[in-house]
Amino acid sequence: MSKEKVVSMTPKKSRFVQPSIVRLNLSNDDWLDVRRELTVGEQRKAMAKTISTMRADGRIEPNMEMIGKAEISAYIVDWSFVDANDKRVPFSESALDNLTPADYQEVDTVVRAHIAAVEEERKKDESGSSQKPS
């Protein structure tokens, strides 16, 4: 008896981030457009911004201004925020720094919830696709 090789007809999953933008709603009818997920390059750039100095002995001095903010700003692509004259303010790290603490907290909370939801979805997909049919 010969054994036949079973070939799956399921397409192979791409290992590359598929660029897509998600709109997240905020209070006061504002919104953020964020990347659905970051590439490894985008993650590394965000992480690098959190390091102020790397010493010869391997110790790292953190860039305290960027802790927390680096990842958030890597995700945000655009927003609906306006200034006191109702003029649109383009997204930038500088503009992010000028938010009120409460508004920054809202942005941070919404983006982190998005990151957690995408991660949870990925875990479900991976656990479902790794199960072998009976």
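1. Focus: the environment of Y75
Of note, Y75 is situated in helix α2 (residues 69–75). Separated by 53 residues in the primary sequence, Y75 and V22 have C-alpha atoms spaced 10.0 Å apart. Not counting residues within four places of it along the chain, the set of residues in contact with Y75 comprises D33, V34, R35, R36, E37, L38, V111, H114 and I115.

2. Some points on the nonpolar core
The biggest cluster of nonpolar side chains holds 20 residues, and the ones touching the most others in it are L32, V34, I76, W79, V107 and V111. Among the secondary structure elements, those contributing two or more residues to this core are β2 (31–35), α2, β5 (76–79), α3 (93–97) and α4 (101–130). It is α2 that provides the largest number of residues to this core, a total of 4 residues.

3. Focus: the pattern of salt bridges
Should the charged atoms of two oppositely charged side chains come close, the side chains can pair. On inspection of all chains with the given rule, the structure shows 13 salt bridges. Among the salt bridges present, the one from R35 reaches E42, with a minimum N-O distance of 3.1 Å. Overall, the relative accessible area of 24% leaves E42 in the partly exposed class. Among the salt bridges present, the one from E121 reaches R36, with a minimum N-O distance of 2.5 Å. Residue E121 is found in helix α4, and its partner R36 is found in the loop between β2 and α1 (40–49); the two are separated by 85 residues along the sequence. Three or more residues joined by partner-sharing salt bridges are found here, namely R36, E37, E119, E121 and R122.

Rules used in this analysis
Residues numbered from 1 in each chain as written. Predicted model: local features only at pLDDT ≥ 70, side-chain atom pairs only at ≥ 80, totals over all residues. Heavy atoms only, no water. Helix = DSSP H or I, 4+ residues; strand = E, 2+ residues; numbered from the N terminus. Contact = heavy atoms within 4.5 Å. Core = buried A, V, L, I, M, F, W, Y, C linked by side-chain atoms within 4.5 Å. Buried < 20%, exposed > 50% of the residue type's maximum accessible area, 1.4 Å probe, protein only. Salt bridge = Lys/Arg side-chain N within 4 Å of Asp/Glu carboxyl O.

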